[in-house]
Amino acid sequence: MSTSSILLTVAAAACVVAALLHFVCIPWGAAGYRFLGAGESVANAVAAGDWRPHVSAVLVGAMLLVWAWCALAGAGLAAPPPLLQPALFTIAIVLMLRALAFPWLRPIFPGNSELFWWVSSALVGALGLLFLVGAILGSKP
């Protein structure tokens, strides 16, 4: 297995784990959102019966599963979607921008803990690097 394949397989596994964490919040309820750092405003909304946090969790989880598929395809372990290489680079850029943008995102999501922002940004940045390096190494002839 090439270095590119290993990096993209690790990226896929990380995306699946992150997707599952988003999905598990739904049946777990407010306590799950709170435990995973979504913040009191989100947890309180869930406790009050608001469905919007669940929709967000499903959308983010589904996106992460699509990204896992792209990573597996880049590793040669799944059928490739159209425009795989540009998709891998785009995913890497989105993840790294999310990691770097947390100081500007924090005011938009004031209920998230300081620990959430640092840990999630570090993990998302590392995931972005896995996609980026995997895509770069995989695009070499």
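Here the structure is a predicted model, which means the values were calculated and not measured.

Undergrad: I tried to follow the nonpolar core on my own but got confused; where do I start?
TA: For soluble globular proteins, nonpolar side chains are generally found buried alongside one another. Judged by nonpolar contacts, the single largest core of 22 residues is most densely connected at Cys 15, Trp 67, Leu 88, Leu 95 and Phe 131. Elements that contribute at least two residues to this core include exactly α1 (3–28), α4 (52–74), α5 (84–100) and α7 (114–138). Not counting residues up to four positions away in its chain, the partners in contact with Leu 88 are Leu 8, Cys 70, Ala 71, Gly 74, Phe 131 and Ala 135. Counting seven residues, the second largest nonpolar core, distinct from the first, contains Tyr 33, Ala 38, Val 46 and Ala 57.

Undergrad: Help me out: how do you make sense of the layout of surface pockets in this one?
TA: Any empty space left between the atoms is revealed when a probe the size of a water molecule rolls over them. The computed volume of the largest pocket comes to approximately 1400 Å³. Contributing to the lining of the largest pocket are 39 residues, with His 22, Val 60, Arg 98, Phe 116 and Ser 120 lying nearest its centre. Looking at the lining of the largest pocket, the elements that each hand over two or more residues are α1, α2 (30–35), α3 (40–47), α4, α5 and α7. With ten residues, the top contributor of residues to the lining of the largest pocket is α7.

Undergrad: Looking at this model, I keep getting lost on the UniProt feature "transmembrane region" (unreviewed entry) in the protein chain. Mind explaining?
TA: Within the UniProt annotation, "transmembrane region" (unreviewed entry) is assigned to residues 56–79, 86–105 and 117–137. Secondary structure across residues 56–79 divides into 79% helix and 0% strand, with the first and last C-alpha atoms of the span separated by 27 Å. With 100% helix and 0% strand, residues 117–137 has its two end C-alpha atoms placed 30 Å apart.

Undergrad: What's the story with unusual backbone geometry in this structure? I'm lost.
TA: Leave glycine aside and you will find that most residues have negative phi; peptide bonds, for their part, are mostly trans. With a phi close to 55 degrees, Leu 83 is a non-glycine residue in the positive phi region. Here Leu 83 lies in the loop between α4 and α5. Judged by its relative accessible area of 67%, Leu 83 is exposed.

Basis of the calculations
- Residues numbered from 1 in each chain as written.
- Predicted model: local features only at pLDDT ≥ 70, side-chain atom pairs only at ≥ 80, totals over all residues.
- Heavy atoms only, no water.
- Core = buried A, V, L, I, M, F, W, Y, C linked by side-chain atoms within 4.5 Å.
- Buried < 20%, exposed > 50% of the residue type's maximum accessible area, 1.4 Å probe, protein only.
- Helix = DSSP H or I, 4+ residues; strand = E, 2+ residues; numbered from the N terminus.
- Contact = heavy atoms within 4.5 Å.
- 1 Å grid on protein atoms, 1.4 Å probe; cavity = no way out; pocket = protein on both sides within 12 Å on 5 of 7 lines; lining within 4 Å.
- Points joined across faces, edges and corners; volume = space filled by probe spheres on them.
- UniProt positions renumbered as here; feature names shortened; annotations may be inferred.

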